[in-house]
Structures are given as C-alpha cells and as structure tokens.
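Structural characterization, general
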Amino acid sequence: MKKIILLLGLLIALQMQTTLRAQQSDPENVVFNAILSGAFNLVVQNGDVQTATFASAADYNNGVTEAGGIVPGFTTVAMEATGNWFLKISAPDFMPTTGTGSIPINNLGVWCEATGVHQFGIEVTCAYQTADAALGLATSDVTLIDLGSDNAGDQTDNLFILHWLMGTMQGSMNSATMFSQLANGIFSQGTYTSTVVLTMTEIP
Amino acid sequence: MKASTGLIIMALSAIILLLPGKTLAQETPMLINTEARLENVLMLKITPDMRVEFGIKKINENLYQITKQPDDVMFSVESTGNWDLSISSDDSQFTGISDSTHKIPVDFLGLFVENRGTNWDNGLYSNMANITKDTVVYLSPERTKLLESGVRGNIGSSLNNAFILRWKFFYEDEVLKLRKFSDYNIEDDIYTVGFYITLSESTMNTKVDQ
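With respect to the overall build of chain B
Scanning chain B from terminus to terminus reveals one helix and 14 strands. Here chain B holds 210 residues, and 28% of them are scored as buried. Across chain B, every contact between residues at least 6 apart in sequence was considered, and the portion connecting residues at least 24 apart equals 76%.

Some remarks on the overall build of chain A
Counting its regular elements, chain A contains three helices and 13 strands. Relative to the compact-globule value of 17 Å for 204 residues, chain A shows a C-alpha radius of gyration of 33 Å, a clear excess of over 25%. Taking the principal axes of its C-alpha atoms as reference, chain A extends roughly 130 × 35 × 25 Å. Looking at the 204 residues of chain A, the share that counts as buried comes to 37%. For chain A, restricting intrachain contacts to residue pairs at least 6 apart in sequence, the fraction spanning at least 24 positions comes to 78%.

Describing the sheet that holds strand β2 (residues 42-46) of chain B
Reading across from one edge, β2-β5-β13-β9-β11 (chain B) is the order of the five strands in this open sheet, with antiparallel pairing throughout. Bordering the open sheet on either side are β2 and β11 (137-138) of chain B, each of which pairs with just one other strand.

Describing the interface of chain B and chain A
Counting from both sides, the interface comprises 33 residues of chain B and, opposite them, 47 residues of chain A. Broken down by secondary-structure element, the contributors of at least two residues to the side of chain B that touches chain A are α1 (2-23) and β1 (27-38) of chain B. A per-element tally of the side of chain B that touches chain A places β1(B) first, with 12 residues. Each residue belonging to the side of chain B that touches chain A can be placed in one class, and the counts come to 12 nonpolar, 13 polar and eight charged. Relative to β1(B), strand β13 (residues 190-202) of chain A runs antiparallel, the two being bridged by 12 bridges. Looking at β1(B), one finds that Met200(A) is bridged to Thr28(B).

A word on the environment of Thr51(A)
You can see Thr51(A) is positioned in strand β2 (residues 49-54). With 17 C-beta atoms packed within 10 Å, Thr51(A) lands in the partly exposed category. Along the primary structure Thr51(A) and Tyr192(A) are separated by 141 residues, whereas in three dimensions their C-alpha atoms are 9.9 Å apart. If we ignore the near neighbours within four places in the chain, the residues touching Thr51(A) are Ile70(A), Val71(A), Glu35(B) and Arg37(B).

A short note on the environment of Phe86(A)
Residue and element names in this part refer to chain A. Inspection of the secondary structure assignment puts Phe86 in strand β6 (residues 85-90). Judged by local crowding, Phe86 falls into the partly exposed class, with 18 C-beta atoms found within 10 Å. Considered as a pair, Phe86 and Leu147 are 61 residues apart in the sequence and their alpha carbons are 5.9 Å apart. Excluding residues within four positions of it along the chain, Phe86 makes contact with Thr143, Ile145, Asp146, Leu147, Thr201 and Ile203.

Quick word on unusual backbone geometry
All names here are of chain A. With omega at -5°, the peptide bond leading from Val71 into Pro72 counts as cis. Residue placement: Pro72 occurs in the loop between β4 (70-71) and β5 (74-81). For Met169, which is not glycine, the phi torsion reads 60° and is therefore positive. Mapped onto the elements of the fold, Met169 is located in the loop between β12 (153-166) and α3 (178-183).

Structural notes on the confidence of the model for chain B
Here chain B shows a mean pLDDT of 84. Residues at 70 or above account for 79%. Taken together, the chains of this predicted complex give a pTM of 0.78 and an interface ipTM of 0.82.

A look at the pairing of strand β5 (residues 73-79) of chain B
Residues and elements named next belong to chain B. With respect to burial, β5 is a largely interior element, five of its seven residues being buried. In this structure, β2 lies alongside β5, joined through five bridges in antiparallel fashion. What sits directly across from Ile46, in β5, is Phe75. Both β5 and strand β13 (residues 162-169) contribute to a ladder of four bridges, which runs antiparallel. When the sheet's bridge partners are listed, Val73 is paired in β13 with Leu165.

Some thoughts on the nonpolar core
Counting 52 residues, the largest nonpolar core has Val110(A), Cys112(A), Tyr128(A), Leu137(A), Leu144(A) and Met166(A) as the members making the most contacts within it. In this structure, Val110(A) is in contact with Ile89(A), Tyr128(A), Ala134(A), Leu135(A), Leu137(A), Leu162(A), His163(A) and Trp164(A), ignoring residues within four places of it in sequence. Phe54(B), Ile87(B), Phe163(B) and Val193(B) belong to the second largest nonpolar core, which has 26 residues in total.

Considering the environment of Gln189(A)
Residues and elements named next belong to chain A. Tracing the backbone through its elements, the reader meets Gln189 in the loop between α3 and β13. We classify Gln189 as buried; it has 20 C-beta atoms within 10 Å. The spacing of Gln189 and Pro96 is 93 residues in sequence and 9.5 Å in space, taken between C-alpha atoms.

Some details on the pairing of strand β7 (residues 93-96) of chain B
Residue and element names in this part refer to chain B. Side chains Phe94 and Gly96 of β7 all project onto a buried face; the interleaved residues Gln93 and Thr95 project onto a face where none is buried. Bridge count between β7 and strand β8 (residues 103-105): three bridges; the pairing is antiparallel. Counterpart to Phe94 in the pairing with β8 is Ile104. Between β7 and β8, which pair antiparallel one after the other, the connecting turn spans six residues.

Thresholds, definitions, all that
Residues numbered from 1 in each chain as written. Chains lettered and ligands numbered in written order. Predicted model: local features only at pLDDT ≥ 70, side-chain atom pairs only at ≥ 80, totals over all residues. Helix = DSSP H or I, 4+ residues; strand = E, 2+ residues; numbered from the N terminus. Buried ≥ 20, exposed ≤ 12 C-beta atoms within 10 Å, placed from the backbone. Contact = placed C-beta atoms within 7 Å. Rg over C-alpha atoms; globule rule 2.2 N^0.38 Å. Pairing = 2+ DSSP bridges. Nonpolar A, V, L, I, M, F, W, Y, C, P; charged D, E, K, R; others polar. pLDDT = per-residue confidence, 0-100. Core = buried A, V, L, I, M, F, W, Y, C linked by C-beta atoms within 7 Å.

See below:
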C-alpha cells in the first residue's frame, strides 16, 4: 500500500513538473506598422536647361520653337504622388548677362502634352494643350496642370512634355514681336537668363 | 464657465486636428534654367539685281524723249542695332545696252528715298535722318550717305524700316534745269549702270543705352 502511495506521489510530482515546463513558453506579438505617408515627387527627366537663340530677322519677327531656335525645346516631367496634386509655373523676367534692359517673361510660352496613363480631360486638366493656346509665363504662379478626376499615381501615370516657345506671340504670350520690343528699347541684343520654377502641390 | 471652457477646448482640438492637414500639403519645386541669346542681325532686303536702266531718244536738239523710265526699288532693313545706309554706282557712267560706246555720266540721274516704314525719318532727333528728305542727290561712284540713325534709333524689322528708292532725272526739277542736256552727248539707247547699297552699323547709342 505504501508503495502504491509512493508511486502515485511520484506520478503527481512528474505531472506537475510537466505542467510547470509548459507554462515557460510565453508567446510574444510583433506589431508591424505600415505607415503610408504622403509622397509627392516632381521629376524633371530631361530638358532642365533650355537655350533660345535669335539669329535671324525671321527669329525676331516670328519667334523660336523646338523646331528651330530653342534647344532642346521641350522638358519631360513626371510626378509620383500618393494623393492628388496640381502643378504651378512661374519665372522672373529674363535678366541680362550681356545687353541692357530685361526681356518680359511673357515672351516665353509653354504648352503641355500628356504622354502617360493620365490624360487631359480625364484624370488631369490643362488649358494649354496646343501652341496656339500657349501660356505666356508670368512672374507669379499660374496653374499649368490641374486635378481632373484623380491624378495620384506613379511616373508612368503622370508623364508630361512641356513644349517651350519664345517670341511667337501665341496664346497669352506677349503680343509684340521681339523686333518691335527691341526697337522700342525694352531690351537690346545680348544674352539673358531666367529660371522657370515648376511647383507640384499636394491637394490635401 | 465650464461650458465655455469646454467649447474652447473643442475649438482648439479642432484647430490642432486641422493644422496637420494644411501643413502636410507638400510643395515640390523644380527649376528649369532658360537662356535667351539675342544675336546681332543686320540685313538689307532688296532685289538681287541692283541695276538702274532708262531709255532715251533724241527728238531734236532741244527735245529728248524718255522711252523707258527707271524702275523704283523697294527695299527694307532688318537690324537689331542702329544702322546707316549709303549708295554708290559701280561706274562713273551709264553705258548703252545696244552700243557700249554710248555713255552718259551717272550724275545725269538723281535719286531720293521715300520712307514707307513706321520708323520716322525726320532728322537726327527722330529715328533717322533722311538726307534726301527735301532734296535729290546725284548718283555717284562715291559712296553717298542716304539714311543715318537718329537719337531715337532705327532698330527694327522691315515693318519699321521699309523704303522706296525713287529715281529722278534732274531736268524734272526746276532748280536743276540749269544743267542742260547739251552738257551731255546723248545717243538713242537704253542706258544702264549697277549700283551698291551699303548698310553699316551705326555708332549711335541705342535707346536703352541712353
């Protein structure tokens, strides 16, 4: 009887040890937080330096474009955006490095072409889609590309070509020829520079 | 008091909640450098065949008939700088086309320039001075200045600087009738001579320099 009691006691003790060991496995959770912050990138893929050369009377009378006179004449821009956005443009007047006076910035014009998935009139809008409707730049910001239905997307969605014009008097550009402005003494022959600022702004 | 404190706290909370939304509106600027090079242009637009021709026929000792009037010449200047213009003949004499021994001195013919552009030619205080504004000058192998830049400058396109070169026989002018035909030995013929128009940059200051 005593032996039986001893065996039972041993069995209970072993059982208790097993139970105690099982209690040592303590599960822990790893909390994985995925934070999708807003990302808005404007990428100038090419054409960040533009040179317009007026070398003939025709250039002064009719202006210059990428077809002749402006090298390269276009700029490819792309937007990566987790949300909706719009694009503004502005530039100061051309100032001389040689020459006198300054060239009003509205002699510089731009029009846009959508080459990505997002198209004008659907996901995005643009009032300046042809050379004849070109935007004459201003010293204050003007919206160049605006929100249509939804323009969040990557570079393949938001890919645009900005075509540059100078002195062509199209759209809202300066209506006087470069020649007549030159003759009126607004500026002289020489070399002038300006920096165009493209600003992509998130729409909260 | 408690109610108003509660309202203030709610309003502040609303402002705090709204603020991040505004400040998170990201702006990404990119720059494009543009350069405009305005190079020098000085161009005379004129017919390439610069010759003057006229026909004359002797009726009697005191009467000649002009059988062919010299053609007026339209020309224009396109220039990014101020300019002067002069004329000269390529010979001292007109030569007969049918007989090259027929000669008439080039000063038999005069000329003047009529302004058809928007730049004024009222003198050195306007866009340019037109030497022939009130007179007629002789054609001569020597270079004769016809137009000279004024203080207002004559930069411009062919709209600004358009002209007609008109020829005039001196006998047509009352004052110049003193020069008699008998001074010349004129044979019946069509006479011709070439001429040069020389366009040159002027040293006159431009308006933006003034």
